[in-house]
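Remarks on the overall topology
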Amino acid sequence: MADTRQRLIDGAIETLRRQGVAAASARTIAATAGVNQALVFYHFGSVHELLTAACLSATRARVGQFTARLDEVASLRELLALGRGLHAEERDLGNVTVLAQMLAGAQADPRLAEATAGALGLWNAPVERTVSRLLAGSPLAAYLDVPGLSRAVCAGFIGLELFDGVDPAGAGAALDALDRLARLVEVVDELGPVARRVLQARLRA
């Protein structure tokens, strides 16, 4: 029973990767999984519940590996370098495509929206912890919305998966711009105490 359930989850993930959310019917997913389509409803009750389980399963598997690597990051530039590598890995594996397809379906389906938000939250939580740790002690920390910044980073990398498909050079330029921004934060952090006080006064003004 557990094996059949996992085969359906794997079949749903593969369907999202290869055919998109519009093709994710009980028949298509069951055919991909190599089981009877009635088992979709037996194990999950509906295609929506299966897609929710598939999206969360695929995301948890990747986030678990990513979180361990985040703990070793010591700067924003290292975080972005890790993000670049992750972007390439996820693109090659087709995992970001799963989230992108769920996001597309979520625009018109509140049930998919809830599931996709949960998956995005799994990505955002470790990124937010890391960004907060890296900015601790920075003169910019009091003026940056860390939760908002973390969500922007996560959303950006998911969006770059779509951007990359139509404009690879533009996606590369976007990543380069983020790298320069991270370098700017490092320069600010290296300022002496007088320069820091002047900067903080200007920011408060």
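Higher on the page you've got the structure.
What you see is a predicted model, and the numbers here were worked out from it, not measured in a lab. Within each chain, residue numbers correspond to sequence positions counted from 1 in written order. Restriction of local features to residues with pLDDT of at least 70 applies here, the model being predicted, together with a cutoff of 80 or more for giving and counting side-chain atom pairs; totals for whole chains, interfaces and linings are based on all residues. Only hydrogens and water are set aside; all other atoms, that is, all heavy atoms of the structure, feed into the side-chain values.

1. Some points on the packing of aromatic side chains
We describe a pair of aromatic rings using the distance from one ring centre to the other and the angle between the two ring planes. Note the threshold: What counts as a ring pair is set by centres within 6.5 Å for rings of Phe, Tyr and Trp (its six-membered ring), and what kind of pair is set by the plane angle: stacked under 30 degrees, edge-to-face over 60, tilted for all other angles. The numbering of helices and of strands both runs from the N terminus, where a helix is a DSSP run of H or I of at least 4 residues and a strand a run of E of at least 2. Accessibility here uses a 1.4 Å probe with only protein chains present; expressed as a share of the type maximum, an area under 20% marks a residue as buried, one over 50% as exposed, and anything in between as partly exposed.
All chains considered together, the criterion is met by 1 aromatic pair. Centroid distance Phe66 to Trp123: 5.4 Å. Interplanar angle 65°. Geometry classified as edge-to-face. One end of the pair, Phe66, is in helix α4 (residues 47-70); the other, Trp123, is in helix α7 (residues 110-135), and 57 residues separate them in sequence. Taken as a pair, Phe66 and Trp123 share a single burial class, namely buried.

2. Quick look at helix α2 (residues 26-33)
Residues that lie three or four places apart on an α-helix share one face, since the helix turns once every 3.6 residues. Along α2, the positions that sit buried rather than exposed are Ala26, Thr28, Ile29, Ala30 and Ala33. Downstream of α2 by a residue or two, Gly34 has a phi angle that is positive, lying close to 75°.

3. So, the packing of helix α5 (residues 76-93) against α7
For any two helices packed against each other, one specifies the crossing angle of their axes together with the interaxial distance. For clarity, the cut-off: Axis angles are defined between N-to-C directions and span 0 to 180 degrees, where every axis is a line fitted to C-alpha atoms and, for a helix, only to the segment in contact. By definition in this entry, angles of less than 35 degrees are roughly parallel, angles greater than 145 are roughly antiparallel, angles of 65 to 115 are roughly perpendicular, and the rest are oblique. In what follows, a contact means two residues having at least one pair of non-hydrogen atoms within 4.5 Å. Throughout, the ten residues Ala, Val, Leu, Ile, Met, Phe, Trp, Tyr, Cys and Pro are labelled nonpolar, Asp, Glu, Lys and Arg are labelled charged, and all others, Gly among them, are labelled polar.
Their axes nearest at 10 Å, the elements α5 and α7 cross at an angle of 160°. As the angle between them shows, α5 and α7 are arranged roughly antiparallel. Here Leu76, Leu79, Leu86 and Glu90 of α5 come into contact with α7, specifically with Trp123, Thr130, Val131, Leu134 and Leu135. Per-class residue counts for the contact of α5 with α7 are 7 nonpolar, 1 polar and 1 charged.

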